[in-house]
Amino acid sequence: MIVTKLAYDGARLYINPYTISYILDGDDTTVVGFTNGHTYEVTASGIELRRLIDEETKSLCKECKASLQE
């Protein structure tokens, strides 16, 4: 899971990287769109979110492959 903060109140938002549909970079905030149609403005940069998504999905793939080999 990826943890970021909502832009409007600073509450934590936990993101499953497989549920993200798109990321739009704005001036002060980043908009994250989800496969269920919801969108949220977050304080993390789009570049940082993409990096975290890449790391998270790679680690999940390693776990899946390891469990299949057992």
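Numbering of residues starts from 1 in every chain and runs along the sequence as written. In view of the model being predicted, local features appear only for residues whose pLDDT reaches at least 70, and side-chain atom pairs are presented and counted only at 80 or more, with totals across whole chains, interfaces and linings using the full set of residues. Working from all heavy atoms in the structure, the side-chain values ignore hydrogens and water.

Asks: Just checking my understanding: could you explain the sheet that holds strand β3 (residues 20-25) for this structure?
Replies: The pairing of strands in a sheet happens through backbone hydrogen bonds and is either parallel or antiparallel. Any two strands with at least two DSSP-identified bridges between them are counted as paired. Only DSSP runs of H or I covering at least 4 residues are called helices, and only runs of E covering at least 2 are called strands; the numbering of each starts at the N terminus. Across the sheet, which stays open at both edges, the three strands sit in the order β3-β4-β5 with antiparallel pairing between neighbours. At either end of the open sheet lies a strand with only one pairing partner, and these are β3 and β5 (39-42). With direction set aside, neighbouring strand axes in the sheet form an average angle of 20 degrees. The pairing of β3 with strand β4 (residues 30-34) spans five bridges and is classified as antiparallel. Pairing of Asp25 across the sheet is with Thr30, part of β4. Fitted lines through C-alpha atoms serve as axes, helices being fitted only where they are in contact, and the angles separating the N-to-C directions of these axes extend from 0 to 180 degrees.

Asks: It is not clear to me how the nonpolar core should be interpreted in this structure. Could you clarify?
Replies: One broad trend across soluble globular proteins is that nonpolar side chains are buried collectively. Residues Ile2, Leu6, Leu13, Ile15, Ile20, Ile23, Val32, Phe34, Val42, Ala44, Leu49 and Ile53 constitute the largest nonpolar core, which totals twelve residues. Secondary-structure elements contributing two or more residues to this core are β2 (12-15), β3, β4 and α1 (46-69). Between two residues, a contact is recorded if the distance between any of their heavy atoms is within 4.5 Å. Those residues in contact with Phe34 that sit more than four places away from it in its chain are Leu13, Ile15, Thr19, Ile20, Ser21 and Tyr40. By nonpolar core is meant a set of buried Ala, Val, Leu, Ile, Met, Phe, Trp, Tyr and Cys residues that side-chain atoms within 4.5 Å join together. Residue exposure (1.4 Å probe, protein chains only): buried if accessible area is under 20% of the type maximum, exposed if over 50%, otherwise partly exposed.

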